2 protein chains.
Amino acid sequence: MDQKTADLKRSGITRDLAAVAMGQLKGDLLVKNTKLVNVLTGLIEENIDIITFGEFIAFVGDASNHPSPDTVINGDGRYLIPGLIDSHMHVESSMIDLPSFAAGILPHGTTTICPDNHEMTNVFGLKAVELFHKTAEGLPLNVFPAMPVCVPSIPGMEDAGASISAEDVEQAYSRGWSELQGEQMNFPGVIYGDSHVHSITAEGLKASKTLTGHYASEDLNSGLNAFIASGMTACHESTSTGEARMKAARGMYVQQRYGTAWLDLPQLVPAFLDNPEMDTRMFTMVTDDVTPVTIAEEGHLIRVLREAVRLGVPAVKAVQMVTINAAQLLNKAGWIGSIAPGKAADMVLVDDLNHFNITRVISNGTVVAVDGKLTVSISKYDYPEWALNSIHLDPVKPEDFIIEAPSADAVEARIIKLIPGMVYTKEESEEMVPSNGFIEGDVERDIAKMAVFYRHAAAIPKADRKSLALLRGLTLKPHSAFATTVSHDSHNLLVIGSSDTAMAAAANGLIETGGGMAVVVDGKINAVLPLPFAGLMSLDPIEKVASQLKEVEKALKRAGCPHDSVEMTISLLGLIVLGELHLSNKGLVRLADGEPPKFVPLFK
Amino acid sequence: MDQKTADLKRSGITRDLAAVAMGQLKGDLLVKNTKLVNVLTGLIEENIDIITFGEFIAFVGDASNHPSPDTVINGDGRYLIPGLIDSHMHVESSMIDLPSFAAGILPHGTTTICPDNHEMTNVFGLKAVELFHKTAEGLPLNVFPAMPVCVPSIPGMEDAGASISAEDVEQAYSRGWSELQGEQMNFPGVIYGDSHVHSITAEGLKASKTLTGHYASEDLNSGLNAFIASGMTACHESTSTGEARMKAARGMYVQQRYGTAWLDLPQLVPAFLDNPEMDTRMFTMVTDDVTPVTIAEEGHLIRVLREAVRLGVPAVKAVQMVTINAAQLLNKAGWIGSIAPGKAADMVLVDDLNHFNITRVISNGTVVAVDGKLTVSISKYDYPEWALNSIHLDPVKPEDFIIEAPSADAVEARIIKLIPGMVYTKEESEEMVPSNGFIEGDVERDIAKMAVFYRHAAAIPKADRKSLALLRGLTLKPHSAFATTVSHDSHNLLVIGSSDTAMAAAANGLIETGGGMAVVVDGKINAVLPLPFAGLMSLDPIEKVASQLKEVEKALKRAGCPHDSVEMTISLLGLIVLGELHLSNKGLVRLADGEPPKFVPLFK
């Protein structure tokens, strides 16, 4: 449901809600005998009963004199918290489509998501936004799509499958496809006054949307002010307490991230834990990117909540950060984010406020999960053919990975240094000695080759269809390779390997299956995760995709990478809005020293 | 400005705002070297500079490397707080029109008001709403008119000059005349399911407005839930800590009132002062009704802020209650309520956080007051003739005040007991002995006569044109009377006196002057305050009206009433939505014991 629909629905039943509250009409559902975690007052109320009517809460208090609804859940003194709100995330990162995602997260208590469907929009453009909006219809949770605004992330420096204009953004709002503005990642464009970027931002302001940002710079004075003054009021890119404090102070909600691979939360909570006087209303928590394995094995936003409490955040404050604070960020606190009369009947019954073991999840007045099992049926979506056929590449050959040496002499080359679990890279420099006129990777020094192939439908210049670079950080064994079409943001085909033949084998494996991830070990394909929807997502249930992904992760370890979920870090090697050195289909992009991003040559 | 206009304005200048923040463009105004009261973090930041551009803040931080704007204010280390937001008030209570009101309050730091122009709408209907909207245009402060929804307060139990239908409410929103929904006072109608009341509430929800309430019942379980579930999320009628806590817990912003006569704040702050763990985001402070004397002599919302701090509320929390909390109540925290880049440039420079002596007020980027003096010019509004001619009554005669005895025997009569400074009355009972077939007042027992005359233009049945009752609480001397056309909510002509001739003299004094207040002492008119606009407001500046009102208040003391500002309590004697006994033009209305309001006879 969107806000407008909710307001309309509620406007039609206010007399019924009042009658249920007064005990003159039977409600639909009674949750009795709970300890209410009241996020509005920050206090816990004992012996609280809740009665719902339709999608809304009609009554909160002592219902012993109210007629009993047909459905009664005895809370047995358990804690009742509002349904969790994830104010920034990407469904695509979980490699499943929206219906499978909804089925996967509802048992974990997340009842509202704000998916920035940025990845599929990089592949398909505005039609992905419309398609996503349609897939959300009728799902038993609140989906507030965030309009992607950086497609491609930096125009002119990479090629995605599509681009998004200010007119597209205006259309998405006027047609009701998007409820908020997605992450503005081109912060250099914002602060240096790029007119395209500002024309898009203007559409968000004109439509009175919440604009979300992505500010990853150390300039917390002029630059941060310029970014926020331009409209962005939420950001999930803080990595230090100083950054978090300053963003909160300057009016930007801190969306503390704790995804599968980017685990910023522990670095951020001291921002307020060390400042007990500080108001925490500007702090929220988000998942951003989580793998299906994480959801299936550890949960969704509830996992972040558990971690916050483990880190010492007082439980009620932590709950506020994934409920009322997030609702206020979204300007929807009148509807969601708290358990109060007239609000959405989104509630989660938990055993305690440490482990938050979930026994019941109620979303929009319906019991959607009991003891971790989904209790509603969610239909599969029937996708159009174009959505399932997005890898427009002929098979590649080992020769496609050749890096020609600039001269016969040894040469200083730029090396992208991948740091597992971090969203940024570092630039390093190594002397490379040509062999037969070519530059090869070097397993001894942990230097692999890396290639990006343009994989979308558009006709682009030949020079932009492929780019090559050198990478450190994966410690690949000989004859190993990894290929993926999950490669932020343009989601071109990224291939990394210790030999050209292994790289070609990995790439061709994916070109055959319509996209996904493939690992080559000892020259042969060892694991494949097929992701046919946009080359990013499976249509299978989360458990199956989680299991396939685990095979990929195991294969990556067999290929020599010891780190967990390293495929997530790899998937950012093409994300040129991050520091310090990344590879787009057009070449190496350096973003550092407070300067705008620029192309740099592989060899110095 | 309204939210939409602000969003549009800002959308057009985001590049300029960014350039000013980056130091590449000169801003309009620099406020340097302040202690920023940061209501977002609850902390105070030292050595903060602010640069504005147009109506917005472009930069907050260390501006020493930024080009200096032409206008510079040196804060000299003073505290800077956001412009104050009064989320519930009635301009009419200050007895001056909106331009005079704006001129009166801006030097006191209030930069946003939400006037429920309920009184003039009771006189003129929807055309008052349009007129009010027009008078707000171009004023140098934010005016968010709240659409009055209880006109008359209880249909069928009183006659005002007009009535407001659900269609009227819909029109006010669709035409942009109102930004939120005014106080829903008919809480019995809401909780018992009155369809007219709910049809009006539905219009507010459909238009996604903030709906404000007025819940004055002791039922904090079913009734309160029913009221809130129906849509109302703010209320300024709490008088006890228990009530305040429960409203906050159930999702209703507590608008702690501290007007001229209703001084609820001291009774409410223990709700959170005694609960240091409590989150105070649901607490705001409002003026509701203040006389021109209060504003001229003590200030506006800043006076409430001072009182809160005096009562022990931590200063920053108190500031939050009249800034960010109020902005969140209004769903406008993205624009007003805090000092941050991109927000409205509404700021108040104060010497300290105890007395809050104001040295500068900046509203929408303009310096509007220096050291308590207005520094902008505010034009008078040219009102249409109908607005200045609203007392449709012929002169009255002493015989109009005769109360005929029901029989020759002594009889038990209901007495309205006025309690100075309280919004409610109590019902008492006294034995009255007829004299020549009439019931007279009794100065010895402090029993006065009271009359309500219908004073609007409509043709109504003769029986409804006048009603009579008995009143205790004013301790009037013989031959004294008070008449007023300020008589909530229908603003009929209310006359109270110790003799029929004095009452007639007071009434006729007002009928001649076109409305206002008149006091008769020793049989002669002793003071008159003319209020020609709707019979409620003067067009003179606040100081003049304050001085006239003080004369009325002095005259009331000469007439025997020892209490300060007792005219405010008197003005509620006709407000039948309050407990316990009130008089409308149709007769005595009793509201008590948790039952719907009902007519009761004067004699038992």
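Remember, it's a predicted structure, so these values are computed and weren't measured experimentally.

A. Structural detail: the relation of the copies chain A and chain B. Overlaying chain A with chain B gives an RMSD of 0.1 Å, the required rotation being 180 degrees about an axis along which the chain moves by 0.0 Å. Taken together, the rotation angle and the small translation identify this as a two-fold axis. Considering only C-alpha atoms, the part of chain A nearest the rotation axis is Asn331(A), at 3.2 Å. Interface residue correspondence from chain A to chain B reaches 100%, placing this contact among same-surface, isologous pairings.

B. Quick peek at the environment of Ala502(B). For Ala502(B), the position within the fold is in helix H17 (residues 500-513). For the pair Ala502(B) and Lys127(B), spaced 375 residues apart in sequence, the C-alpha to C-alpha distance is 36 Å.

C. Focus on the packing of aromatic side chains. Applying the stated criterion across every chain yields a total of 16 aromatic pairs over all chains. Taking 5.5 Å as the distance between ring centres and 75 degrees as the angle between the ring planes, the aromatic pair formed by Phe401(A) and Phe453(A) counts as edge-to-face. Here Phe401(A), found in the loop between strand E18 (373-374) and strand E19 (403-404), pairs with Phe453(A), found in strand E23 (residues 448-453); they are 52 residues apart in sequence, far enough to count as distant. For the pair Phe401(A) and Phe453(A), a shared accessibility class is recorded, and that class is buried. Ring pairs connect the aromatic residues Phe187(A), Tyr215(A) and Phe227(A), which therefore count as one cluster. When the ring centre of Tyr79(B) is taken as origin, the NZ or CZ atom of Lys35(B), which lies over that ring, is 5.1 Å away. The residue whose ring lies beneath Lys127(B) is Trp386(B), and the NZ or CZ to ring-centre distance is 4.2 Å.

D. Local environment of the interface of chain A and chain B. Taken together, the contact between chain A and chain B spans 68 residues of the former and 68 residues of the latter. Summed over both sides, the interface of chain A with chain B buries roughly 5400 Å², with 53% coming from carbon and sulfur. Three residues, Met22(A), Arg250(A) and Arg281(A), lead the burial of chain A against chain B; their summed loss comes to 13% of the area buried on that side. One salt bridge connects Glu45(A) with Arg250(B), and the closest N-O pair in it is separated by 2.8 Å. Summed over the shared surface of chain A and chain B, the result is 35 residue pairs in polar contact (both at pLDDT 80 or more). In terms of residue class, the side of chain A that touches chain B is made up of 31 nonpolar, 24 polar and 13 charged.

E. Focus on the sheet that holds strand E30 (residues 587-590) of chain A. Residue and element names in this part refer to chain A. Pairing is antiparallel in the open sheet, where three strands are placed in the order E29-E30-E31. This sheet does not close on itself; its edge strands, each paired only once, are strand E29 (581-584) and strand E31 (598-600). Direction aside, the axes of adjacent strands within the sheet are offset by 45 degrees on average. Here three bridges tie E30 to E31, and the two strands are oriented antiparallel to one another. By the bridge assignment for E31, Arg590 is matched with Lys598.

F. Representation of helix H3 (residues 98-105) of chain B. Residue and element names in this part refer to chain B. The buried count for H3 comes to seven of eight residues, which makes it a mostly enclosed element. Of all the positions in H3, only Leu98, Pro99, Ser100, Phe101, Ala102, Gly104 and Ile105 are classed as buried. Buried residues along H3 sit in contact with strand E6 (84-89), strand E7 (110-115), helix H5 (126-136), strand E8 (142-143), helix H13 (292-298) and helix H18 (542-558).

G. Structural view of the nonpolar core. Core analysis: the biggest nonpolar cluster contains 364 residues, and Ile81(A), Leu305(A), Ile496(A), Ile81(B), Leu305(B) and Ile496(B) have the highest contact counts within it. Ignoring any residue separated from it by four or fewer positions in sequence, one finds Ile496(B) in contact with Ala448(B), Lys449(B), Met450(B), Leu471(B), Leu474(B), Leu476(B), Ser480(B), Ala481(B), Phe482(B), Met503(B), Ile570(B) and Leu573(B).

H. View of the packing of helix H6 (residues 166-174) of chain A against helix H8 (residues 195-206) of chain A. Residues and elements named next belong to chain A. Two elements in contact, H6 and H8, have axes whose closest approach is 8 Å; the angle formed by their N-to-C orientations is 15 degrees. It follows that H6 is roughly parallel to H8 by the angle criterion. Considering the relative orientation of H6 and H8, their crossing is right-handed. Between H6 and H8, the residues in contact are Ala166, Val169, Glu170 and Tyr173 and Ser199, Ile200, Glu203 and Gly204, respectively. Partitioned by chemical class, the residues of the contact of H6 with H8 number four nonpolar, two polar and two charged.

I. Highlighting the pairing of strand E26 (residues 493-497) of chain A. All names here are of chain A. Extensive coverage of E26 is indicated by the burial of five of its five residues. Residues Leu493, Val495 and Gly497 line one face of E26 and the alternating positions Leu494 and Ile496 line the opposite face, and both faces are buried. Sheet topology places E23 next to E26; five bridges connect them, and they run antiparallel. Each residue of the ladder has a partner; that of Val452, found in E26, is Leu494.

J. Summary view of the state of the cysteines. Inspection of every chain in the model, using the stated rule, returns zero disulfides over all chains. With no disulfide of its own, Cys235(A) lies closest to Cys150(A) among cysteine sulfurs, the gap being 12 Å. Left without a disulfide partner, Cys114(B) is nearest to the cysteine sulfur of Cys235(B), which lies 15 Å away. Taking relative accessible area as the criterion, Cys114(B) reaches 1% and is therefore assigned buried.

K. Focus on unusual backbone geometry. In this model, His488(A) is joined to Asp489(A) through a cis peptide bond whose omega is -15 degrees. Mapping Asp489(A) onto the fold places it in the loop between strand E25 (481-484) and E26. Despite not being glycine, His479(B) shows a phi value in the positive range, around 60 degrees. Within the fold, His479(B) resides in the loop between strand E24 (466-472) and strand E25 (481-484). A relative accessible area of 47% means that His479(B) is categorised as partly exposed. Of note, the phi angle at Ala534(B) is positive, near 65 degrees, even though the residue is not glycine. Within the element layout of this structure, Ala534(B) appears in the loop between strand E28 (524-530) and H18.

L. Region of interest: the side chain of His214(A). Residues and elements named next belong to chain A. Within the element layout of this structure, His214 appears in the loop between strand E11 (211-213) and helix H9 (222-229). Polar contacts involving the side chain of His214 include one to the side chain of Glu183, which spans 2.8 Å. Apart from the residues within four sequence positions on either side, His214 is in contact with Glu183, Gln184, Met185, Phe187, Phe227, Cys235, His236, Glu237, Val577 and Leu578.

M. Representation of the pattern of salt bridges. Counted by the stated rule, this structure contains 63 salt bridges over all chains. Two residues, Asp288(A) and Arg257(A), come together in a salt bridge whose shortest N-O distance is 2.7 Å. Placement of the pair is Asp288(A) in the loop between strand E14 (283-286) and helix H13 (292-298) and Arg257(A) in strand E13 (residues 253-257), with a sequence separation of 31 residues. Both residues of the pair, Asp288(A) and Arg257(A), belong to the buried class. Glu427(B) is paired through a salt bridge with Arg590(B); the nearest N and O atoms lie 2.6 Å apart.

The rules we used
Residues numbered from 1 in each chain as written. Chains lettered and ligands numbered in written order. Predicted model: local features only at pLDDT ≥ 70, side-chain atom pairs only at ≥ 80, totals over all residues. Heavy atoms only, no water. Least-squares fit on C-alpha atoms with pLDDT ≥ 70 in both. Contact = heavy atoms within 4.5 Å. Helix = DSSP H or I, 4+ residues; strand = E, 2+ residues; numbered from the N terminus. Phe/Tyr/Trp six-rings, centres within 6.5 Å; stacked < 30°, edge-to-face > 60°. Buried < 20%, exposed > 50% of the residue type's maximum accessible area, 1.4 Å probe, protein only. Lys NZ or Arg CZ within 6 Å of the ring centre and 35° of its normal. Buried area = accessible area lost by both parts, 1.4 Å probe. Salt bridge = Lys/Arg side-chain N within 4 Å of Asp/Glu carboxyl O. Polar contact = N/O pair within 3.5 Å; in protein donor to acceptor, adjacent residues only side chain to side chain. Nonpolar A, V, L, I, M, F, W, Y, C, P; charged D, E, K, R; others polar. Pairing = 2+ DSSP bridges. Axes fitted to C-alpha atoms, helices over the stretch in contact; angles between N-to-C directions. Core = buried A, V, L, I, M, F, W, Y, C linked by side-chain atoms within 4.5 Å. Parallel < 35°, antiparallel > 145°, perpendicular 65-115°, else oblique. Left-handed = near helix turned anticlockwise from the far one by under 90°. Disulfide = S-S within 2.5 Å.

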